[in-house]
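Summary of the model geometry
Next come the chains, spelled out residue by residue.
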Amino acid sequence: MSKVNITETAFRDAHQSLIATRMKTEEMLPIAGLMDQVGYYSMEVWGGATFDTCLRFLNEDPWERLRKIRNAIKKTKLQMLLRGQNILGYKHYPDDVVREFVKKSVSNGIDIIRIFDAINDIRNIRSALEATIKEGAHAQATVVYTISPAHNVKHYIDTAKQLEDMGASSLCIKDMSGLLLPFEAYHLIKELKSAIRIPIQLHSHYTSGVASMTYLKAIEAGVDTVDCAISPLSMGTSQPATESLVASLKGTEYDTGLDLNLLSKIADYFRPLKDKYLDSGLLDPKLLGVDVNTLIYQVPGGMLSNLVSQLKQQGKSDMLEEVLKEVPRVREDLGYPPLVTPTSQIVGTQAVLNVILGERYKMVPNEIKAYVRGEYGKSVKDVSPDIRAKIIGDEPVIECRPADLLKPALEQYRQEMNAYLEQDEDVLSYALFPQVALNYFKYRQAQKYKIDSTLLNQDEQTHPI
């Protein structure tokens, strides 16, 4: 066993998990150069919710963020998270859009693309994986970890083998809820190491309080790389602390070789930033604790926040316990989808409606209907026939890869937003988040010409761009 590698998540998942992805590029760049000296295996800096948040809340161009980070980080590999056929949005996109997005991600500085599908339908991973390989980048295919009668070691091994056969450069076990327990991790990694030849990386969250122990057992079993966050942005719904793991492995056969003194200087930079987020209310202290409900109901931290928010809006906060009990029932009805974007939102909203209305599936959102029709792909277990009939009646269910039904759309997107085009990447921003991107493009033009951006949001004929 050689040294254990560490992927640092501070610039992506750590602040996505703790402060709703609100860290600005200007807050990242001053420390980026020092982080580049550490010797991380990679730094996760892009993808996930960062793209949406840059445009929607920070008035930043996500592509420009990536270019600036790439310019500041010369030696360390840059990594991103991609939702397979969903790219970074919440629906499936045609293959031409997926391929172009991967191409531009790599040309703007990404070295490693971690590709996952919410329900482990590997058909939804194929296009992005093949495009990543074609562009010469590292294609890390992902198995989303969850617990159900249908999700066992055999399922994970079978999926991993298929992903390896598809050409994956490495495999990631994505434990978004912190459900993977230490001895289960040891057994799973051991079995995977016997079954596949590509490197294995483990990603977990500290939500349930077990991730550090899980990492140690996974390391003993031979895992190659683990995801950690610098200590001020670690723990709670984020990842285990980088420094703690480095110290724990120091002097052992798994020694990371990273310098604790250098990591301490980096932590010193992030500590006042964390205090700023706490003072502003963006960082809720509750997110830093252990939530045992994660182990009982398999509800990840972000999903729990959404459930609480939905109930509060309806004046039904007292129904949280009932909703948490309903979530596993809805999951079972739908074939046990893992609770990760977008399925966590789909299952959670249905559970809230079932409880508030006092009747199961009395009201069904369009996303649930689309899921049951097979528009998101095929779950490990089929949707309950009774539930399917109740939700979509005798409508046909899609059996093919859902994206096979989508026509190429890149040129159409280009024509729709051509008036705002300043770089090729703008077409992709618009494809993923049309209205949000348009609002940003208007803001960008207003900044360029030093006018009030509200003028550009009025009637286009009165105020042509």
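Basis of the calculations
Residues numbered from 1 in each chain as written. Predicted model: local features only at pLDDT ≥ 70, side-chain atom pairs only at ≥ 80, totals over all residues. Heavy atoms only, no water. Core = buried A, V, L, I, M, F, W, Y, C linked by side-chain atoms within 4.5 Å. Buried < 20%, exposed > 50% of the residue type's maximum accessible area, 1.4 Å probe, protein only. Helix = DSSP H or I, 4+ residues; strand = E, 2+ residues; numbered from the N terminus. Contact = heavy atoms within 4.5 Å. Axes fitted to C-alpha atoms, helices over the stretch in contact; angles between N-to-C directions. Parallel < 35°, antiparallel > 145°, perpendicular 65-115°, else oblique. Left-handed = near helix turned anticlockwise from the far one by under 90°. Nonpolar A, V, L, I, M, F, W, Y, C, P; charged D, E, K, R; others polar. Phe/Tyr/Trp six-rings, centres within 6.5 Å; stacked < 30°, edge-to-face > 60°. Lys NZ or Arg CZ within 6 Å of the ring centre and 35° of its normal. Pairing = 2+ DSSP bridges. pLDDT = per-residue confidence, 0-100. Right-handed = clockwise from strand over helix to strand, strands pointing away.

**Some remarks on the nonpolar core**
Counting 105 residues, the largest nonpolar core has Phe11, Tyr40, Leu82, Phe101 and Phe270 as its most contacted members. The element contributing the most residues to this core is helix α11 (residues 260–280), with seven residues. Beyond its immediate stretch of four places on either side in the chain, phenylalanine 101 contacts Trp46, Phe51, Trp63, Met80, Leu82, Ile87, Leu88, Leu428 and Leu432. Grouped together as the second largest cluster of nonpolar side chains are 30 residues, Leu339, Tyr371, Ile387 and Ile391 included.

**Details of the environment of glutamine 447**
If you trace the backbone, glutamine 447 turns up in helix α20 (residues 434–449). Placed 99 residues apart in sequence, glutamine 447 and glycine 348 show a C-alpha to C-alpha distance of 39 Å.

**Brief notes about the packing of helix α14 (residues 320–333) against helix α15 (residues 343–357)**
Relative orientation of the contacting elements α14 and α15 amounts to 120°, with a least axis distance of 8 Å. Taken together, the axis directions place α14 and α15 in an arrangement best described as oblique. Considering the relative orientation of α14 and α15, their crossing is right-handed. Across the interface between the two elements, Glu322, Val323, Glu326, Val327, Val330 and Arg331 from α14 touch Val347, Gln350, Ala351, Val352, Asn354 and Val355 from α15. Looking at the contact of α14 with α15 residue by residue, the class counts come to seven nonpolar, two polar and three charged.

**Regarding the packing of aromatic side chains**
What the rule picks out here adds up to 16 aromatic pairs. Each ring, one from tryptophan 46 and one from phenylalanine 51, has its centre 5.7 Å from the other, and the planes form 75°; the classification is edge-to-face. Owing to a relative accessible area of 0%, tryptophan 46 belongs among the buried residues under this scheme. Taken together, Trp46, Phe51, Trp63, Tyr90, Phe101 and Phe433 form an aromatic cluster joined through their ring pairs. The side chain of arginine 22 reaches across the aromatic face of phenylalanine 57, ending 3.9 Å from its centre.

**Regarding the packing of helix α2 (residues 25–36) against helix α4 (residues 62–72)**
Between α2 and α4, whose axes approach to 8 Å, the crossing angle comes to 25°. Accordingly, the angle class assigned to the pair α2 and α4 is roughly parallel. Our pair here, α2 against α4, has a crossing hand that is right-handed. For the pair α2 and α4, contact is made by Thr25, Met28, Leu29, Ala32, Gly33 and Asp36 and by Arg65, Lys68, Ile69 and Ala72, respectively.

**Description of the sheet that holds strand β5 (residues 138–144)**
In spatial order, the strands read β1-β2-β3-β4-β5-β6-β7-β8; together these eight strands close into a barrel with parallel pairing. The mean inter-strand angle of the sheet, taken between neighbouring strand axes irrespective of direction, is 30°. As judged from the two bridges shared by strand β7 (residues 200–204) and strand β8 (residues 225–228), these two strands associate in the parallel manner. Following the sheet pairing, glutamine 201 is matched in β8 by threonine 225. Strand contacts of helix α7 (residues 153–165): β5 and β6 (170–175), with the helix running at about 160° to β5, the strand carrying the most contacts.

**Describing the confidence of the model for the protein**
Low-pLDDT stretches of the model should not have their predicted coordinates read in fine detail. Scored by pLDDT, the protein comes out at a mean of 94, with 97% of its residues at no less than 70. This stretch, residues 459–465, has a pLDDT under 50; its non-local contacts, to residues over four places away or in other chains, come to eight contacts.

**Structural notes on the environment of asparagine 5**
Relative to the helices and strands, asparagine 5 is located in strand β1 (residues 5–8). Here asparagine 5 is in contact with Tyr41, Asp224, Thr225 and Val226, once residues within four sequence places are set aside.

**A closer look at the pairing of β6**
Counting buried residues along β6, six of its six residues qualify, which places the element largely inside the surrounding structure. By the alternation rule, side chains of β6 split into Ser170, Cys172 and Lys174 and Leu171, Ile173 and Asp175, which are all buried. Where β5 and β6 come together, five bridges link them in parallel fashion. From the neighbouring strand, alanine 141 faces β6, where its bridge partner is leucine 171. As for the winding sense of the linkage, the β-α-β connection from β5 through α7 to β6 is right-handed. Viewed along the sheet, the connection from β6 through helix α8 (residues 182–195) into β7 turns out right-handed.

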